[in-house]
Amino acid sequence: MSETALEGLEPRALWARFGELARVPRPPQEEDEARAWALAWAGERRLAAETDAAGNVVVRVPATPGRERAPVVVLQAHLDMVCERDPDSPYDARAGRLRLVRDGDWLRADGTTLGADNGIGVAAALAAAEDPGLVHGPLELLLTVSEEQGLEGAKALDPALLRGRLLLNLDGSSDGALTVGCAGSAHTFLRLPLEPEDAPAGSAALEVVLSGALGGHSGGDIARGRLNAIKGLGRVLGEALRAVPYRLAGLEGGVSRNAIPREARARVVLVAAGEAAFRVAAGAAFAAVQARHAGVEQGLRLRLEPAVAVPAAREETTTRALDLLQSVPTGVLAVTPGVPEAVETSTSLTVARTQEGTLTLASMTRSASASALDEAVASLEALGRLARASVEVLRSYPPWEPAPDADLVVRARTVYERLFGEEPRLHVVHGGLECAVLGAKLPGAQLLALGPEIVGPHAPGERVSISSTARFYRFLGALLDELSS
């Protein structure tokens with residue numbers, strides 16, 4: 001990590017904690033080192049801390065003298081991060097190897113995700129707890145795990161660990177906005193047996209790789225027109241199949257259930273005489289993909305490389321698999337009525353895997369409307385049945401319904417306007433926030449999400465605004481003062 005990138009940044013304690021956390025490996029479901037780091041921080045300050053069976057951490061922070069009778073406020077953030085990297089990068093977030101780079105007002109990581117989502121929230125919670133200049137009532141720091149894989153830590157949280165019923169989620173990602181609601185989601189898995197057979201004698205094989213897509217958050221970036229690499233490869237394979245028969249041996253793509261896939265690859269087996277026609281058709285289809293996304297995607301690449309012929313699906317099964325792949329929707333399905341720029345419902349084909357002869361296509365569907373979410377999932381189920389694939393649906397979490405007139409929101413708006421001379425926007429995020437789960441876990445709780453400006457989470461190039469982070473921390477401190485007065 002480049003230590004100089006954080007030199008002189010304010011608030012100093014926040015950036016110091018973020019710098020420490022940037023050296024800790026913390027992919028979803030592998031947060032042991034991050035949890036140990038947080039517990040060590042609490043131990044050094046003689047703060048009581050507990051963990052539950054899921055690995056979530058709660059640290060109890062005494063009130064500032066004179067504010068002991070104030071209601072307990074929960075500061076909540078998640079320890080894990082999406083660990084993406086450019087294929088040729090020497091750095092790897094999964095191993096805790098980040099090189100931080102400062103570009104003017106922005107902080108990013110060289111060739112990898114930064115982990116500002118939600119490392120900034122974790123750092124802010126710890127900094128607030130140890131900042132002698134902040135005035136607050138009793139605090140509970142709730143650091144959850146596996147948020148990036150379906151909010152699993154929050155779902156498994158033992159609510160008995162918490163007394164507070166005012167919860168500030170520090171996973172917001174937009175300066176000037178208070179998040180008061182979020183979309184619910186469901187995961188759909190379509191599994192199609194390929195029933196591979198040995199390749200005929202004399203067969204040729206090709207590895208087909210589409211790479212270089214921007215990727216991004218499957219909710220927050222879904223309306224930006226970015227290419228889904230799995231879908232792009234599906235178009236290439238579909239066009240090639242119309243030109244020359246071949247057999248599909250496998251398809252792989254995507255790394256996370258909530259990230260837009262940046263790369264996908266397939267292996268195909270065909271008669272050697274058909275290889276030239278395959279290459280021509282695949283190249284023409286790829287050119288069409290490039291043209292469609294020319295204003296957004298600049299780095300798309302298609303590679304066709306000789307491979308070893310392996311068992312592959314029959315031609316009829318290959319056709320069925322590619323029909324399913326091309327039919328699965330990806331993108332915005334509906335906008336919020338009356339608010340054309342706000343996405344209401346979307347779906348994203350996020351992961352493709354071939355294991356033990358079965359192709360699995362995993363989609364994440366989001367909606368601020370429970371009814372629309374059901375409708376979109378039903379469509380995916382119908383596609384699976386038509387393709388004779390097995391279907392599994394996992395309901396992840398319900399929508400977090402906005403409550404803009406709640407006392408917590410009203411007081412937060414008042415504090416924001418007093419500090420910055422303008423009213424904050426009220427925002428409903430098209431993505432998952434743990435508030436959707438924690439609100440049900442903590443009866444009577446009031447919830448609000450806030451954070452600095454973070455651009456491009458879940459993909460290399462993720463960056464956070466330094467000045468926005470300072471504003472966010474200033475607002476957090478003023479809000480804690482208000483809530484304890």
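Residues numbered from 1 in each chain as written. Predicted model: local features only at pLDDT ≥ 70, side-chain atom pairs only at ≥ 80, totals over all residues. Heavy atoms only, no water.

1. Looking at empty space enclosed by the protein
Moving on, step 1. A complete count under the given rule lists two cavities of 30 Å³ or more for this structure.
Moving on, step 2. Within this model, the largest cavity holds a volume of roughly 80 Å³.
Moving on, step 3. For the lining of the largest cavity, the elements supplying multiple residues, two or more each, are β8 (177-182), α9 (407-420) and α11 (466-484).
Moving on, step 4. Counting residues per element, the lining of the largest cavity draws most heavily on α11, at three residues.
Moving on, step 5. By residue class, the composition of the lining of the largest cavity is seven nonpolar, three polar and two charged.
Moving on, step 6. Computed from the structure, the second largest cavity encloses a volume of approximately 30 Å³. (1 Å grid on protein atoms, 1.4 Å probe; cavity = no way out; pocket = protein on both sides within 12 Å on 5 of 7 lines; lining within 4 Å. Points joined across faces, edges and corners; volume = space filled by probe spheres on them. Helix = DSSP H or I, 4+ residues; strand = E, 2+ residues; numbered from the N terminus. Nonpolar A, V, L, I, M, F, W, Y, C, P; charged D, E, K, R; others polar.)

2. Points about the pairing of strand β5 (residues 106-109)
Moving on, step 1. Going residue by residue along β5, you find L107 and A109 tucked away on one face and W106 and R108 left uncovered on the opposite face.
Moving on, step 2. Relative to β5, strand β4 (residues 100-103) is paired through four bridges, and the arrangement is antiparallel. Note that in β5 the partner of L100 across the bridge is A109.
Moving on, step 3. Between the end of β4 and the start of β5, which pair antiparallel, lie two residues, with G104 showing a positive phi angle near 60°.
Moving on, step 4. Inspection of the sheet shows β5 paired to strand β23 (residues 463-465) by three bridges, in the antiparallel sense. From the neighbouring strand, R108 faces β23, where its bridge partner is R463. (Buried < 20%, exposed > 50% of the residue type's maximum accessible area, 1.4 Å probe, protein only. Pairing = 2+ DSSP bridges.)

3. Structural notes on helix α7 (residues 315-327)
Moving on, step 1. Here α7 contains 13 residues, and its C-alpha end-to-end distance of 18 Å stays within 8% of the 18 Å for a straight helix at 1.5 Å per residue.
Moving on, step 2. T317, T318, R320, A321, L322, L324 and L325 are the residues of α7 that are buried. (Expected span 1.5 Å × (residues − 1).)

4. Some words on the packing of aromatic side chains
Centre distance and the angle of the planes are the two values used to describe a pair of aromatic rings.
Moving on, step 1. A full pass over the atoms with the stated rule returns four aromatic pairs.
Moving on, step 2. Centre to centre, the rings of Y246 and F278 are 5.2 Å apart; their planes meet at 80°, and the pair counts as edge-to-face. Of this pair, Y246 sits in the loop between α5 (229-243) and β12 (247-253) while F278 sits in helix α6 (residues 275-292), and the two are 32 residues apart along the sequence. By the burial criterion, Y246 is buried, and F278 matches it.
Moving on, step 3. An aromatic cluster of three or more residues is present, and its members are Y416, F420 and F475. (Phe/Tyr/Trp six-rings, centres within 6.5 Å; stacked < 30°, edge-to-face > 60°.)

5. Details of the environment of A459
Moving on, step 1. Locating A459 in the fold gives a position in the loop between β22 (454-455) and β23.
Moving on, step 2. Residue class for A459 comes out buried when judged on its relative accessible area of 3%.
Moving on, step 3. Separated by 346 residues in sequence, A459 and T113 have C-alpha atoms that sit 5.4 Å apart.
Moving on, step 4. With near-sequence residues (within four places) excluded, A459 lies in contact with E84, T113, L214, G215, G216 and R262. (Contact = heavy atoms within 4.5 Å.)

6. Here we look at the pairing of β12
Moving on, step 1. Burial analysis of β12 places six of its seven residues in the buried class, the great majority of the element.
Moving on, step 2. Here β12 pairs with strand β14 (residues 264-271) via six bridges, running antiparallel. Paired with R247 across the strands is V269, a residue of β14.

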